[in-house]
Amino acid sequence: MTQIHPVKPFLDVLSGHRQPVPPIWMMRQAGRYLPEYRELRAKAGGFLDLCFTPEYAAEVTLQPIRRFNFDAAIIFSDILVIPYALGRSVRFEAGEGPRLDPLDTPEKVKTLASEADFTRLEPVYEALRRVRGALDPKIALIGFCGAPWTVATYMVAGQGTPDQAPARMMAYRHPEAFARIIDVLVENSIRYLLGQLKAGADVLQIFDTWAGVLPPREFERWSIEPTRRIVEGVRKQVPDARIIGFPRGAGALLPAYVGATGVDAVSIDWTAEPSLIRERVQNRVAIQGNLDPLALIAGGAALDRAIDDVLANFAGGRLIFNLGHGIQPETPIAHVEQMIKRVRAYQG
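Rules used in this analysis
- Residues numbered from 1 in each chain as written.
- Predicted model: local features only at pLDDT ≥ 70, side-chain atom pairs only at ≥ 80, totals over all residues.
- Heavy atoms only, no water.
- Helix = DSSP H or I, 4+ residues; strand = E, 2+ residues; numbered from the N terminus.
- Rg over C-alpha atoms; globule rule 2.2 N^0.38 Å.
- Buried < 20%, exposed > 50% of the residue type's maximum accessible area, 1.4 Å probe, protein only.
- Areas by Shrake-Rupley, 256 points an atom, 1.4 Å probe, with all protein chains shown as cover.
- Lys, Arg positive; Asp, Glu negative; His and termini not counted.
- Charge placed at Lys NZ, Arg CZ, Asp CG, Glu CD.
- Core = buried A, V, L, I, M, F, W, Y, C linked by side-chain atoms within 4.5 Å.
- Contact = heavy atoms within 4.5 Å.
- Pairing = 2+ DSSP bridges.
- Axes fitted to C-alpha atoms, helices over the stretch in contact; angles between N-to-C directions.
- Salt bridge = Lys/Arg side-chain N within 4 Å of Asp/Glu carboxyl O.

**Student:** How should the overall build of the protein be read in this particular structure?
**Tutor:** Each helix and strand counted, the protein has 16 helices and nine strands in total. Computed over C-alpha atoms, the radius of gyration of the protein comes to 19 Å, within 12% of the 20 Å expected from 2.2 N^0.38 for 348 residues, which places it in the range of a compact globule. Along the first, second and third principal axes, the C-alpha atoms of the protein reach 60 × 50 × 45 Å. Counting only residues that meet the buried cut, the protein has 57% of its 348 residues in that class. A total accessible area of about 14,400 Å² is found for the protein, and carbon and sulfur atoms account for 50% of it. Placing the 40 positive and 39 negative side-chain charges of the protein at their respective mean positions leaves the two points 1 Å apart.

Given below as structure tokens:
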């Protein structure tokens, strides 16, 4: 007897098929704008305790699906779990963001382990398995990692900085040492993503949040090339793996990123120029985005106009409706409901 698998609209777009109503989810959809998340976060204690307790991470992943019935769930975790698995000190301080022991000299880079201890990431895999078991078969499950460049910026500086100057400076002054950090992150990210696929992820996303601070030559070396290696490494083991790239702020460099990396889709931020995306990106891959998170906070007629702009610009091709970056904690839930209702009423 032939088993009929339900169509996941999100995966259908990634596989080359435009959907009349674009599938929808939000980056950071499991987060502080939800009261049920805040309640569980308080119960868990530290942020990493929330990430590494499978019962809690799975619950947080499912909360926005129950509330909004998005077309995709993204596993609740963090891009800095790879440095953690590499034995680096990683801690999250309230109101301050992540703190790591800086790898800011070539001598310190020599202390970086080559291989992560993947037993430390088993809770992420277990959370994926739990979510997969609980998720409606029509809803896709996304696994992810941080892109090597973005993760390296935190590892070098020991924290986020306004323009990630410490990592950029190290890449200029000590390119060999910096390349070692990148190489370690590439190899371990491949293994981490393969583990997520095995645990039940349908799709992978590579978040390069700080790609936009790089000039073109450095962007090719430190953003495009490591991402290409990750995509190639994952597909060597899983040839049909679906992968989304998000080089935030890449702008006019997006066509080169898409052409070189081999991603199935690219996430675009809210500043992306629509005609460039339609003519040189969306004609090759699916796109994901790109509502301004501040428009979602504003609500009302301004939100309706912003949603309509995204749909008018991109819904004629393969589109996954999303934000241009993560949802902000102060976003009213009613505005999320307004967005979903308007997108799902689209007649394309």
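Picking up after the structure, the text goes on.
**Student:** What is the right way to read the nonpolar core from this model?
**Tutor:** The nonpolar side chains of soluble globular proteins are, as a tendency, buried together. Counting residues in each nonpolar core, the largest one holds 134 residues, and the members touching the most others are F10, F178, I181 and M339. No other element matches helix α10 (residues 175–198), which puts 13 residues into this core. The residues touching F10, leaving out its near neighbours within four places in the chain, are P23, W25, D71, A72, A140, I142, V203, I244, Q288 and I320.

**Student:** I keep staring at the sheet that holds strand β8 (residues 286–291) and nothing clicks. Help me out?
**Tutor:** Two pairing modes exist for strands in a sheet, parallel and antiparallel, and in both the strands are linked by backbone hydrogen bonds. Here seven strands make up an open sheet; going across it, the order is β1-β4-β5-β6-β7-β8-β9 and the pairing parallel. At either margin of the open sheet sits one strand with a lone partner, and together these are β1 (72–74) and β9 (319–323). Between one strand axis and the next, the sheet turns by 25° as a mean value, whatever way the strands run.

**Student:** Explain unusual backbone geometry to me, please; I cannot follow it from the model alone.
**Tutor:** For the bond from G289 to N290, the omega torsion is -15°, close enough to zero to count as cis. Position of N290 relative to the elements: it lies in strand β8. A positive phi angle is found at R28, which is not glycine, with a value near 65°. Take R28: it is sitting in the loop between α1 (9–14) and α2 (35–44). Backbone geometry places N69, a non-glycine residue, at a positive phi of 55°. Take N69: it is sitting in the loop between α4 (54–68) and β1.

**Student:** When you look at the environment of F10 in this model, what are you seeing that I'm missing?
**Tutor:** Secondary-structure assignment places F10 in helix α1. Judged by its relative accessible area of 0%, F10 is buried.

**Student:** I'm lost on the pattern of salt bridges in this one. Help?
**Tutor:** Any two side chains of opposite charge can pair if their charged atoms end up close together. Counted under the stated rule, the structure contains 20 salt bridges. With a closest N to O distance of 3.1 Å, R228 and E232 form a salt bridge. One end of the pair is R228 and the other is E232, both in helix α11 (residues 216–237) and four residues apart, which spans about a single turn. R342 is the salt-bridge partner of D304, the closest N and O atoms lying 3.5 Å from each other. Here R342 lies in helix α16 (residues 333–344) and D304 lies in helix α15 (residues 300–314), a separation of 38 residues in the sequence. The network of salt bridges with common partners includes E122, E126, R129 and R130.

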